[in-house]
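# Structure at a glance
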Amino acid sequence: MRFRTLLLTGLAIGGTFPALAHDCQPYQPEPVTLTGEITLQHGTRNGPKGVTREDYYVLTLPQMICVAGGTAETDEDVESIDALQLKLPQGVKPPLGRRMAVTGTLFHSVGDGHTDVLLTYDSAKPAP
């Protein structure tokens, strides 16, 4: 609640609180559309069978956004984020290396992601 009050105050005053003047997005179930570039990343994950190599997709945003806490226990306020791991439906490979507008829902990582906030990928289209 305190974060939201500060955020609203910062937005009302303008540039007084530049760290809080990001475009604030909601967690699921409300859909969002974010614009950025999708890239394929390579990483590792510790699992029951040891360390495994993992490829994952990231949407890199041109400017910072914030995510306001939602109704789930894991939905934490995130003040500044400029990259989100994409959770894709099985068999979907998103377009890489172009500016895209990606629509989906946001959820906070509970140790299963490479970024603090992840975006469930519903669709993408070229951005202007």
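Quick look at the structure, then. Fair warning: this is a prediction, and the values are worked out from it, not measured in the lab. (Residues numbered from 1 in each chain as written. Predicted model: local features only at pLDDT ≥ 70, side-chain atom pairs only at ≥ 80, totals over all residues. Heavy atoms only, no water.)

Before going further, it helps to examine the overall build of the protein. In terms of helices and strands, the protein carries 1 helix and 6 strands. N-terminal to C-terminal, the α/β element order of the protein is α-β-β-β-β-β-β. Taken over 128 residues, the protein has a buried fraction of 35%. Put simply, of all contacts in the protein between residues at least 6 apart along the chain, 60% involve residues at least 24 apart. Roughly 7,600 Å² of accessible area belongs to the protein as shown, and the carbon and sulfur atoms make up 53% of that amount. (Helix = DSSP H or I, 4+ residues; strand = E, 2+ residues; numbered from the N terminus. Buried < 20%, exposed > 50% of the residue type's maximum accessible area, 1.4 Å probe, protein only. Contact = heavy atoms within 4.5 Å. Areas by Shrake-Rupley, 256 points an atom, 1.4 Å probe, with all protein chains shown as cover.)

As a working rule, side chains carrying opposite charge can pair if their charged atoms are close by. Scanning the entire structure with this criterion turns up 1 salt bridge. With a shortest N-O distance of 3.3 Å, D55 and R53 are connected by a salt bridge. Judged by its relative accessible area of 44%, D55 is partly exposed. A relative accessible area of 61% means that R53 is categorised as exposed. (Salt bridge = Lys/Arg side-chain N within 4 Å of Asp/Glu carboxyl O.)

Note that strand β3 (residues 50–68) and strand β4 (residues 78–87) share 6 bridges and pair antiparallel. In the strand pairing of β4, Y57 is matched with L86. Pairing geometry for β4 and strand β6 (residues 117–126), over 3 bridges, is parallel. From the neighbouring strand, K87 faces β6, where its bridge partner is T120. (Pairing = 2+ DSSP bridges.)

With that settled, the discussion passes to the side chain of Q25. Note on placement: Q25 falls in strand β1 (residues 23–26). Beyond its immediate chain neighbours, meaning those up to four positions away, Q25 contacts V32, L34, I65, C66, V67, A68 and L106.

Relative to β6, strand β5 (residues 99–108) runs antiparallel, the two sharing 9 bridges. Paired with A101 across the strands is K125, a residue of β6.

Right, let's talk about the nonpolar core for a bit. In this structure, L59, L84 and L106 are the most contacted members of the largest nonpolar core, which totals 19 residues. Put simply, the parts of the chain that give this core at least two residues each are β2 (32–47), β3, β4, β5 and β6. Looking at this core, the element that brings in the most residues is β3, giving 5 residues. Residue contacts for L59: discarding those within four places in its chain leaves L34, G36, E37, I38, D82, A83, L84, L86, V102 and L119. (Core = buried A, V, L, I, M, F, W, Y, C linked by side-chain atoms within 4.5 Å.)

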